[in-house]
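Descriptive structure summary
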Amino acid sequence: MRYLLHILLVIVATAAAAFTIFGIPGHLSRKPPLEVFPDMDRQAKLRPAQPNDFFPNGLSSQLPPAGTVVRSAPVATLGGPVYAYQDVPLNTGCVAGTTNFVPTNPLPVDAAALSRGREQFNIYCTPCHGGLGDGNGITKKIGVMPAVANLHDQRIVEMTDGEIFNTITHGKGLMGAYGPLMTAPDRWAVIAYTRALQLSWLGSPAELTAEQRAALTK
Ligand code: HEC
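An account of the accompanying structure is given in this report. Bear in mind the structure is a predicted one, so any value in this text is a computation, not a measurement.

Some remarks on the packing of aromatic side chains
Tallying each qualifying case throughout the model produces five aromatic pairs. Centroid distance Y124 to Y178: 5.9 Å. Interplanar angle 70 degrees. Geometry classified as edge-to-face. Placement of Y124 in helix 3 (residues 111-124) and of Y178 in the loop between helix 7 (161-170) and helix 8 (184-202) is noted, with a sequence separation of 54 residues between them. Residue class for Y124 comes out partly exposed when judged on its relative accessible area of 25%.

What to know about the packing of helix 3 against helix 8
At their nearest, the axes of helix 3 and helix 8 sit 7 Å apart, and the two run at 95 degrees to each other. With respect to helix 8, the axis of helix 3 lies roughly perpendicular. Residue-level contacts link A113, L114, R116, G117, R118, Q120 and F121 of helix 3 to D186, A189, V190, A192, Y193, T194, A196 and L197 of helix 8. Of the residues belonging to the contact of helix 3 with helix 8, the class tally is nine nonpolar, three polar and three charged.

Observations concerning helix 3
Quick reminder: α-helices carry 3.6 residues per turn. Residues three or four places apart thus point the same way. The end-to-end C-alpha separation of helix 3 is 20 Å, in line with the 20 Å expected for 14 residues at 1.5 Å each. When we look at burial in helix 3, the residues that qualify are A113, G117, Q120 and F121. Down the axis of helix 3, the smallest arc covering the buried residues is 105 degrees, so these residues share one side. When the buried face of helix 3 is taken as reference, the exposed residues oriented beyond 90 degrees from it are A111 and A112. Buried-residue contacts for helix 3 involve helix 4 (126-129) and helix 8.

Observations regarding the nonpolar core
Counting 20 residues, the largest nonpolar core has L90, F121, I164, I168, W188, V190 and I191 as its most contacted members. Those elements that provide at least two residues to this core are helix 7 and helix 8. In terms of residue count, the dominant contributor to this core is helix 8 (six residues). Excluding residues that lie within four positions of it along the chain, V190 makes contacts with G117, Q120, F121, C125, I168 and M182.

The rules behind each value
The residue numbering used here restarts from 1 in each chain and proceeds along that chain's sequence as written. The predicted origin of the model limits local features to residues at a pLDDT of at least 70 and limits the giving and counting of side-chain atom pairs to 80 or more, whereas totals for whole chains, interfaces and linings rest on all residues. Water and hydrogen atoms were dropped before computing side-chain values, which therefore reflect all heavy atoms in the structure. Stacked, tilted and edge-to-face are the three classes assigned to paired rings of Phe, Tyr and Trp, where Trp is represented by its six-membered ring and a pair needs centres within 6.5 Å; plane angles under 30 degrees give stacked, over 60 edge-to-face, the rest tilted. In this description a helix means any DSSP run of H or I spanning at least four residues, a strand means any run of E spanning at least two, and both kinds are numbered starting from the N terminus. Throughout, exposure labels follow a simple rule: accessible area from a 1.4 Å probe, protein chains only, divided by the maximum for the residue type, with under 20% read as buried, over 50% as exposed, and the rest as partly exposed. Between N-to-C directions, angles cover 0 to 180 degrees, with each direction set by a line fitted to C-alpha atoms, over the stretch in contact for helices. Between 65 and 115 degrees an angle is taken as roughly perpendicular, under 35 as roughly parallel, over 145 as roughly antiparallel, and anywhere else as oblique. It only takes one pair of heavy atoms within 4.5 Å for two residues to be counted as in contact. Three residue categories are used. Nonpolar comprises Ala, Val, Leu, Ile, Met, Phe, Trp, Tyr, Cys and Pro, charged comprises Asp, Glu, Lys and Arg, and polar comprises the others, including Gly. To estimate the expected span of a helix, subtract one from its residue number and multiply by 1.5 Å. Regarding the arc, it is the one traced by the directions from the helix axis to the C-beta atoms. What is meant by a nonpolar core is a set of buried Ala, Val, Leu, Ile, Met, Phe, Trp, Tyr and Cys residues, joined one to another through side-chain atoms within 4.5 Å.

Next comes the structure, spelled out in structure tokens:
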């Protein structure tokens, strides 16, 4: 008799615990379920445009941290601001709305661009293509990259700027993609410098003035 009472008590207690934890079957509740592991479902956060005392200036939206790129910041100015998400030659190397490569650099090719281009070329391209762009970089010397393109190949000299931009941006064969590493204006600057390298190989003494030739042969 005593045992029976014990068993009854256990059953009642278990049922009470079950109803407390799982609720009454078929009964809807607006209360959040009991969570053994919260799984980060709810976290402390600041609501947009609501005053708070977490940040010294009381705003929940803070200026972007240093070194990050703001989507709303223009990548270049070209007759107005150009944004990274726009389908324009500067970002894609293609005529807007098509997959046709643009023939020439959309940015002005001036001394500043060439100097920036030389710097960026020497950082990103020389390891494989060599300082002259002839494909004799350190990677060939130490034997880790057997066939690097010679940028003075007629095929590459005749390539449109847009196609070279595409190669730099997305990579090709063993060459990696430099789009994620270099800004679009820097990639165009490298192209301008590559063209200067190519021109330097294609030049002939006949194109020089008499004085320049004299200086060369001295
Ligand atoms: C890690 C080595 C490496 C680096 C760094 C590198 N390239 Fe290349 N590049 C290659 C290789 C390898 C090829 C040949 C790819 C192929 O045709 O499969 C190539 C091909 C090319 C071509 C010819 C593409 C074509 O369509 O045939 C161009 C142009 C070029 N690279 C430009 C650059 C520029 C500009 C940079 C610097 C931003 C650069 N490369 C950095 C290895 C490299």
